[in-house]
Amino acid sequence: MFGVCIRCIGEKGVFKGLPLFSATARFVNVAPSSIIVGSLVWAEDPEVAWIDGEVMEVNGEEITIKCTSEKTVVAKASNIYPKDPEFPSCGVDDMTKLAYLHEPGVLQNLRCRYDINEIYTYTGNILIAVNPFRRLPHLYDSHMMEQYKGAAFGELSPHPFAVADSAYRQMINEEISQSILVSGESGAGKTESTKMLMCYLAYMGGRANKSEERSVEQKVLESNPVLEAFGNAKTVRNNNSSRFGKFVEIQFDQRGRISGAAIRTYLLERSRVCQVSDPERNYHCFYMLCAAPPEDVEKYKLGNPRTFHYLNQSNFYELDGVDDSKDYLATRRAMDVVGISQAEQDAIFRVVAAILHLGNVEFAKGQETDAAEPKDDKSQFHLKTAAELFMCDEKSLEDSLCKRVIVTRDESITKSLDPDAAALSRDALAKIVYSKLFDWIVEKINISIGQDPESKFLIGVLDIYGFESFKTNSFEQFCINLTNEKLQQHFNQHVFKMEQEEYEKEEIAWSYIEFVDNQDILDLIEKKPGGILALLDEACMFPRSTHETFAQKLYQTFKDHKRLSKPKLARTDFTIGHYAGEVTYQTELFLDKNKDYVVPEHQALLAASECSFVSSLFPPLPEESSKSTKFSSIGSRFKQQLQALLETLSATEPHYIRCVKPNNALKPAIFENNNVLQQLRCGGVMEAIRISCAGFPSRKVFREFIGRFAILAPEVLKASYNEITACKRILEKSNLSGYQVGKTKVFLRAGQMAELDARRSEVLGRSATIIQRKVRTYFCRKHFILLGLSSIKIQALCRGQVARYQYETMRREAACLIIQKNSRKFIARKRYKNLYFSAVSIQAVIRGMGARNELLFRKRTRAATVIQSQCRRYLASLHYSRLKKAAITTQCAWRAKVARRELRKLKVAAKETGALQEAKSKLEKEVEELTWRLQLEKRMRADLEESKNQENARLQSTLHKIQLEFQETKELLSKEREAAKNIAEQVPVIQEVPVIDDELMNKLTAENEQLKALVSSLEHKIDETERKYEEANRLSEERLKQATEAESKIIELKTAMQRLEEKILDMETEDQILRKQALLSTPSKKMENLSLATSAPLENGHHAQLSSGPSKRFGREDSKMRRSLIERQQESVDTLIKCVTQNLGFSQEKPVATFTIYKCLLHWRSFEAERTSVFDRLIQMIGSALEDQDNNDHMAYWLSNTSALLFLLQRSLKTSGSSAAQKPPAPTSFFSRMTQSFRSSSASLPVGVVRQVEAKYPALLFKQQLTAYVEKIYGIIRDNLKKDLSPLISSCIQVPRTSKGTAFKMSEESEGDSSPASHWQSIIESLNKLLCTLKENFVPSILVRKIFAQTFAYINMQLFNSLLLRRECCTFSNGEYVKAGLAELELWCTKVKDEYAASSWDELKHTRQAVGFLVINQKSRISYDEITNDLCTVLSVQQLYRVCTLYRDDNYNTQSVSPDVISSMKLLMTDDSEDDGGSSFLLEDDSSIPFTVEDITGSMQVKEFSDVKPAAELLENPDFQFLQD
């Protein structure tokens, strides 16, 4: 039997009086000689625990330090610790890598990692988890589980999944029991860590449950609400604190699958039922029941919690954010899930309600001396209600509380109890009932979950409260702290063992390390005889013992024990110095709580209850046990359980997770140093570090050690030293002793790292002095040379200035003369121009006025002429259009009337259609008549058009005549005006006499009136014509629509008639063939071919005879012929399958097998068959061909065949419900009839390569199956390529390590490593190999592009996720290495061109941008907007934050982005997590099918198959002669 145990230990109390920094916390002290001015150190601070600063002055033991907070402190040399000047800003993921392993170093590392949301940190194989108090779901999704599955411990970032995977793998592979102990105080995140472990173990060992029944792990998780309702309560520091120990055993079968589980409980806190201190609460179930629905509250006679004594001892009734009424219903549902029936649930809550009522029963003195009775009516009511709920006698219940029966040898004596004793009896009954109820619930849950007695492995989850220290500490805290002492001893032994294994692994000389053990405390408590538990059991066995006598006994027995002491102001208290601090216990209730017995009166009362559930809680005790006087105690029983638990843990290989609560406010982004430090001490982490410091606390791998301290021995970089020799040379030159050099690391004693750093600082200081001297000399010489050059330049400038001044004076004199000359010339020229401009302006104004007057006159004359001409034209045109419209309307109305008359006749004739032959002749006549009528209609329309044209011509001529008359009149008027004007000019007018030609005016007036009448009549005629035209047009459209419908109906009737004719013709032909076959004794081969050509579809898509011979004498011959045809068809299918199973190659870059299959299916008319098995044979053949999935060449051949066949099917098959099948046939003619009949009678003469056919269900199903096979083969090829690339990508993630100097030798293991570029070249070779394979098999280019696109996306996912998960990959040098590899991939994409690569390069965008950020310089100067908008546009905030915080420059030690950018990212991440719940920052592999059938169809053309040759093997077979056509 093997097991894995997970332990959750809570820390509930505050350690009163515990010193902040104990002597055991000092691990790595500083040698006084290593402290020099300028050293970086840590000093104690009462507010933040430790504060860092720089040494300003050393005065003996007193050291003056200037802190980073700008304050100055003075500390003793023994109280300061060295600070690592090269500590990375983001910390280290394993604290064993710290240069200085001490309290401030550990605290600084945890804080730095917490600030960047790195909540997990290793200390060796111990995982420290700091609660972030915010949701980080991206750390726990299934993709993250997949990353840690099978990964070596420490390879990826610290995580609970890594611990769980390590334990699970060791349990399965080595068959050694494992333990994962999760500890921490309340609110530290133990529950969440345990859930993550359970989820991962369920992910690794969970069995796929196909039925509706819940799995074992689901049942275990679903039992938590029930156990929390009855076993959890609010304490001072936690609103949901477990007040019992729970050990869950998860059982595994031999394959590592979860097969069963069981829950064990320890030490339920019974006293909480009766005693609750403020501000705590009682168990949750009491408050839930009080907040139950009204019907339940009324049934149990409950009310406000403040009215019950067991609940109102504390003033805290409600929890923030918790609704007790909803929790009550949720608990009920959880009970249903775990298999507790409704009747049992009612009984459970009846018992809970009875306990509440029992607590309200108060006692007063009775009539007799020292007797007790219920105090008042209220107490009597609660007593009666409790009896009703227990279903027992009220009087018997009262007697059991107020009286005791003492059994002697001779008689039984009934003794009355005083009120105080009665109250204690009441509380004892309440506690024992609640304890029995809780045990029953646990047992019921175990039955529901189910255990596997044949399980081979066990996984245990231990959840128990941790070390506690309150103001009042009673027997429960004593037992709890004993448990933690035992587990701490187990933890210390494991850490000590791990240290020894580390030294043995490195093969270094060492002696066994001594560490302070807590065995003396364990002996003090549990040693027999003489331990505290033994003295307590002894006191409980004596009736007259009290807590005072017990305390005095302790003082006398352990007066000289260093771990136990007596408080000064207490008479019965005692103090024990535990590993986590001193705790003072009050002994008042020790004796009562240690007694484990059931009052006989209570046992008898409840065993006789009428409620079967209550009576089952108190089964009758055996007679022997009832008479036995052997004493039993809670302490002894708990010690036995604890010993059994420790034996289980000792048989396992432990792993540890220490949960830490960073602040008591339970808020994110707050890290309280003192609080964290206290938890690390109580969790044993500091003890583990102290054990490590007892040996070799400072450990460095050879490369890091040389990189840091090679300056102490520079010759190791110049000479040919390997790593081990170089490390030894440095240590020897440093004059250190006691160190050890292992196989991969250098081990240093405490303080030696500080001494090496001090010597390194001295060397660096001397080097700095030399550099300063040289630099200052250089600057002085440079300054002197600059002074000489400056003096020469000053002299030259002065002389030049004098020469320039003289030249300027001469230039000014010459300029004055030129200015005077030009100014006089300018003034004279300006005066002349003004005069000239004035004259020209006057002339222009006068001429313009005359021209404008002339222009105005001409415009008016022309306007009058235009108005008259337009008016006359409009009137003539209007008259013509109205006449035309009226004529068209009249013609359309008449034709519509005639068409309706003919349509009625056609309808009557159609209804009276008789026999088919008569209908045919009548339809032909009607067609001829309709054809004649249509021709007549066309002629009528032509005549109408001709009449319209004639009318238009007549109207045009009339209009033209009117226009001519108007023009003549106009000319006449103009001539008369001109004549009058000429006469007026010739004869001088002395007196104006008006002369009017009356005759001419009358004539013009008459003509004008005639024109107006003509225009009005034309307008009237035009309006009437337009109205008639509209009517005729409407009637014409209706007639045309009716004629179209009649024509379509005629076409349908013709089609039906044609089909009947063809069917009759086929039947006659088949009848003739059957007659010939019956008359001939030996049918010829030609006859057989003819019978095949005129057959109907059989099961396999071939054809048999449709004839149902007119004579019965040919029936036997017909059946024999059909059987022979079926056999021949089956042989043909077998021949085809056998042929295409082979690799037939390609013809014209198209697969021969596909073309052959398609031609055969088309010839056999299998697509149109209702039933056929040929498709099943083909699918079976393709499936059997895919067995060799590792052969990409084979898979590519079948991918080419299946995709080509799918293309042909997509172009050929059409369903019967398609629109093409519903369209009416083309107008019937001799050629169309002959073609359709020919097609129906002979399938061996296809029209083109691809022909559309009506597909039946088998063909459509075959197309779907073929599509699925195309997708499957595509996935196989893609996954094969991913599988080949996976190990290569793993090698490309991180740059291979090389030495610093060219002359420096590598170790023997690294000398055989391949070059860095070889891994990337192997990837290119794999891609080229697959591309050549796909090209050789002529796989469609669309599929090739999709394969490489998804492959590049996979490469992007692997590389990018590794950058985010592995800190050593997120470096400057690694970025350069990956960038060089990406350049190789880009070059490959360029070479293969877009035909095959397409968007493959774009799939690497995440890795490209992340790598581009890693290799960019001066990151601290880049703003957040520049990063998101220019550098890393596709990365999310979480991904950017991860890259920025993990980045380190291993070449030039440059910094990452500025703190402001980090703060901006953290703020955005907080907002995003509130909005969407936080998404994973890791990329996921896309395994979908990225193409559709339409994509494949669009990538090929039908004409590409026109020259494809079928299989040569089948051409020789006479049954496949149709392939030659």
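Residues numbered from 1 in each chain as written. Predicted model: local features only at pLDDT ≥ 70, side-chain atom pairs only at ≥ 80, totals over all residues. Heavy atoms only, no water.

Notes on the overall build of the protein
Stated formally: A run of DSSP states H or I qualifies as a helix once it reaches four residues; a run of E qualifies as a strand once it reaches two. Both are numbered from the N-terminal end. Throughout, exposure labels follow a simple rule: accessible area from a 1.4 Å probe, protein chains only, divided by the maximum for the residue type, with under 20% read as buried, over 50% as exposed, and the rest as partly exposed. Any two residues having at least one pair of non-hydrogen atoms within 4.5 Å are treated as being in contact. Per-residue and other accessible areas follow the Shrake-Rupley method at a 1.4 Å probe size, with only the shown protein chains counted as cover for residues.
Counting its regular elements, the protein contains 48 helices and 31 strands. Taken over 1525 residues, the protein has a buried fraction of 46%. Across the protein, every contact between residues at least 6 apart in sequence was considered, and the portion connecting residues at least 24 apart equals 74%. Entry remark: accessible area of the protein is about 80,700 Å², with carbon and sulfur atoms responsible for 53%.

Structural notes on the packing of aromatic side chains
Under the convention used in this document: Aromatic contacts are taken between Phe, Tyr and Trp rings whose centres are within 6.5 Å, Trp giving its six-membered ring; a plane angle under 30 degrees counts as stacked, one over 60 as edge-to-face, and the others as tilted. By definition, being over a ring means that NZ of Lys or CZ of Arg is both within 6 Å of the ring centre and within 35 degrees of the ring normal.
Evaluated as defined, the whole model comprises 38 aromatic pairs. A centroid spacing of 5.0 Å and a plane angle of 65° characterise the contact between F244 and F438, whose relative ring orientation is edge-to-face. Of this pair, F244 sits in the loop between β11 (241-242) and β12 (245-252) while F438 sits in helix α13 (residues 419-449), and the two are 194 residues apart along the sequence. The pair F244 / F438 is uniform in exposure class, with both members buried. Connected via pairs of aromatic rings, a cluster forms that spans F475, F478, F550, F574, Y585 and F590. Lying over the aromatic face of F316, K234 brings its terminal NZ or CZ to 4.5 Å of the ring centre. Sitting above the plane of the F491 ring, R658 keeps its charged end 4.1 Å from the centroid.

Thoughts on the sheet that holds strand β23 (residues 698-701)
Selection criterion: Two strands pair under a simple rule: DSSP has to find at least two bridges between them. Between N-to-C directions, angles cover 0 to 180 degrees, with each direction set by a line fitted to C-alpha atoms, over the stretch in contact for helices.
Taken in spatial order, the 3 strands line up as β23-β25-β24 in an open sheet, and their pairing is antiparallel. Sheet topology places β23 and β24 (740-741) at the edges, where each strand pairs with a single neighbour. In the sheet, β24 pairs with strand β25 (residues 745-748) via 2 bridges, with the strands oriented antiparallel. Bridge pairing in β25 links Q740 to F747. The strands that helix α14 (residues 475-506) touches are β23 and β25; relative to β25, the one it contacts most, it runs at about 130°.

Concerning the sheet that holds strand β21 (residues 581-586)
The antiparallel open sheet is built from 3 strands, whose spatial order is β19-β20-β21. With one partner strand each, in any of the chains shown, β19 (564-565) and β21 form the two edges of the open sheet. By the bridge criterion, 2 bridges tie β19 to strand β20 (residues 573-578) in an arrangement that is antiparallel. Directly across from L564, in β20, lies its bridge partner I576.

Brief notes about the nonpolar core
Rule in force here: For this analysis, a nonpolar core means a set of buried residues of the types Ala, Val, Leu, Ile, Met, Phe, Trp, Tyr and Cys, connected via side-chain atoms within 4.5 Å.
Core analysis: the largest hydrophobic core is formed by 238 residues, its most contacted members being F230, F286, F1167, I1323 and L1385. Ignoring anything within four residues of it in the chain, the contact list for L1385 reads W1320, I1323, I1324, L1327, F1352, I1355, W1401 and L1404.

Structural notes on the packing of helix α34 (residues 1174-1185) against helix α35 (residues 1192-1212)
Selection criterion: An angle below 35 degrees is treated as roughly parallel, one above 145 as roughly antiparallel, one from 65 to 115 as roughly perpendicular, and anything else as oblique.
Viewed as axis vectors pointing N to C, α34 and α35 meet at an angle of 155°, and their least axial separation amounts to 11 Å. Taken together, the axes of α34 and α35 are roughly antiparallel relative to one another. Across the interface between the two elements, M1181, I1182 and A1185 of α34 pack against H1194, M1195, W1198 and T1202 of α35.

Quick look at the pattern of salt bridges
Applied cut-off: Salt bridges are counted wherever a side-chain nitrogen of Lys or Arg sits within 4 Å of a carboxyl oxygen of Asp or Glu.
The full count for this structure, using the stated rule, is 32 salt bridges. As a salt-bridge pair, R281 and D324 come within 3.7 Å of each other at their nearest N and O atoms. Here R281 is found in the loop between β13 (258-266) and α7 (284-290), whereas its partner D324 is found in helix α9 (residues 324-337), with 43 residues between them in sequence. By relative accessible area, D324 is classed as buried at 13%. With a shortest N-O distance of 3.2 Å, K301 and E388 are connected by a salt bridge. In this pair, K301 is assigned in the loop between α8 (294-299) and α9 and E388 in helix α11 (residues 377-390), connecting sequence segments 87 residues apart. For E388, a relative accessible area of 40% translates into the label partly exposed. One network of salt bridges, with partners in common, ties together R243, E269, R272 and E280.

Description of the environment of D517
One can find D517 in the loop between α14 and α15 (519-526). Separated by 28 residues in the primary sequence, D517 and Q489 have C-alpha atoms spaced 7.0 Å apart.

Considering unusual backbone geometry
In this model, E70 sits at a positive phi of 75°, which is unusual for a non-glycine residue. If you check the backbone angles, N735 has positive phi at about 60° while not being a glycine.

Considerations on the pairing of strand β8 (residues 126-130)
Burial runs high along β8: 5 of the 5 residues are buried. Here strand β7 (residues 120-123) pairs with β8 via 4 bridges, running antiparallel. Bridging across to β8, T121 finds its partner in I128. What sits between the antiparallel neighbours β7 and β8 is a turn of 2 residues, in which G124 has the positive phi angle 70°.

Points about the environment of V41
By the secondary structure assignment, V41 is in strand β2 (residues 40-45). Overall, V41 belongs to the buried group, its relative accessible area being 3%. Along the chain, V41 and P82 lie 41 residues apart, while their C-alpha atoms are 4.3 Å from each other. Contacts of V41, omitting those with residues within four sequence positions, involve I51, D52, G53, V55, I65, I80, Y81, P82 and K83.

Some words on the packing of helix α38 (residues 1257-1292) against helix α41 (residues 1341-1365)
To characterise two packed helices, one gives the angle between the axes of the helices and the distance between these axes. We apply this condition: Less than a right angle of anticlockwise turn of the near helix away from the far helix marks a crossing as left-handed, whereas a clockwise turn marks it as right-handed.
The interhelical angle for the contact between α38 and α41, taken along N-to-C directions, is 30°, at an axis separation of 10 Å. Viewed along their axes, α38 and α41 form a crossing whose handedness is right-handed. Every residue of α41 that contacts α38 at Y1274, I1277, R1278, L1281, K1282, L1285, S1286, I1289 and C1292 is listed here: L1343, K1346, I1347, F1348, Q1350, T1351, Y1354, I1355, Q1358 and L1359.

Examining α35
The following threshold applies: To estimate how far a helix should extend, the number of its residues minus one is multiplied by 1.5 Å. Contacts described as polar in this section are N or O atom pairs within 3.5 Å, which, within protein, must combine one atom able to donate a hydrogen with one able to accept it, while residues neighboring in sequence count only if both atoms come from side chains.
Its 21 residues give α35 an end-to-end C-alpha distance of 30 Å, which sits within 8% of 30 Å, the value for a rise of 1.5 Å per residue. Of all the 21 residues making up α35, 17 are buried; the element is thus mostly covered by neighbouring parts of the structure. The residue sitting at the N-terminus of α35 and contributing the capping side-chain oxygen is N1191; that oxygen lies 3.1 Å from the backbone nitrogen of D1193.

Notes on a negative patch on the surface
Counted only if it meets this: Any residue with relative accessible area above 30% and no salt bridge may belong to a patch, with like charges joined within 9 Å and the nonpolar Val, Leu, Ile, Met, Phe, Trp and Tyr side chains within 5 Å. Only four residue types enter the tally: Lys and Arg on the positive side, Asp and Glu on the negative side; His and the chain ends are excluded. A single reference atom marks each charge: NZ on Lys, CZ on Arg, CG on Asp, CD on Glu.
A cluster of acidic residues, E965, E968, E971 and E1007, forms a negative patch at the surface. Turning to its location among the elements, E971 is positioned in helix α29 (residues 916-986). Residue classification places E971 among the partly exposed positions, given a relative accessible area of 40%.

Details of the environment of L712
Looking at the secondary structure, you find L712 in the loop between α25 (702-709) and α26 (715-718). L712 sits in the buried class, given a relative accessible area of 11%. Along the primary structure L712 and R760 are separated by 48 residues, whereas in three dimensions their C-alpha atoms are 6.4 Å apart. Setting aside anything within four residues of it in sequence, one finds L712 in contact with I730, K733, S734, L756, R759, R760 and V763.

Digging into a nonpolar patch on the surface
Residues I771, V775, Y778 and F779 make up a contiguous nonpolar surface patch of roughly 410 Å² in combined accessible area. Residue position: F779 is located in helix α28 (residues 752-911).

Here's the deal with the state of the cysteines
Chemically, a disulfide is nothing more than a covalent bond linking the sulfur atoms of two cysteines. To be explicit about the condition: The criterion for a disulfide is a pair of cysteine sulfur atoms lying within 2.5 Å.
Throughout the structure, instances matching the rule amount to 0 disulfides. In this structure C285 is not part of a disulfide, and its nearest cysteine sulfur, from C290, lies 9.7 Å away.

Some details on the confidence of the model for the protein
This is how it is decided: Within a predicted model, pLDDT stands for the predictor's per-residue confidence, ranging from 0 to 100.
For the protein, the average pLDDT comes to 79, and 83% of its residues sit at 70 or higher. Confidence drops under pLDDT 50 across residues 624-630; counting only partners more than four residues distant or on other chains, this segment forms 0 contacts. Here residues 987-996 is modelled with pLDDT under 50, and outside its nearest four sequence neighbours on either side it reaches 1 contact, counting other chains as well.

Concerning the side chain of N473
Secondary-structure assignment places N473 in the loop between β18 (457-465) and α14. The exposure class of N473 is buried, given its relative accessible area of 1%. A polar contact of 3.0 Å, which involves the side chain of N473, links it to the backbone oxygen of T584. N473 has contacts with E468, V583, T584, Y585 and Q586, leaving out every residue within four places of it along the chain.

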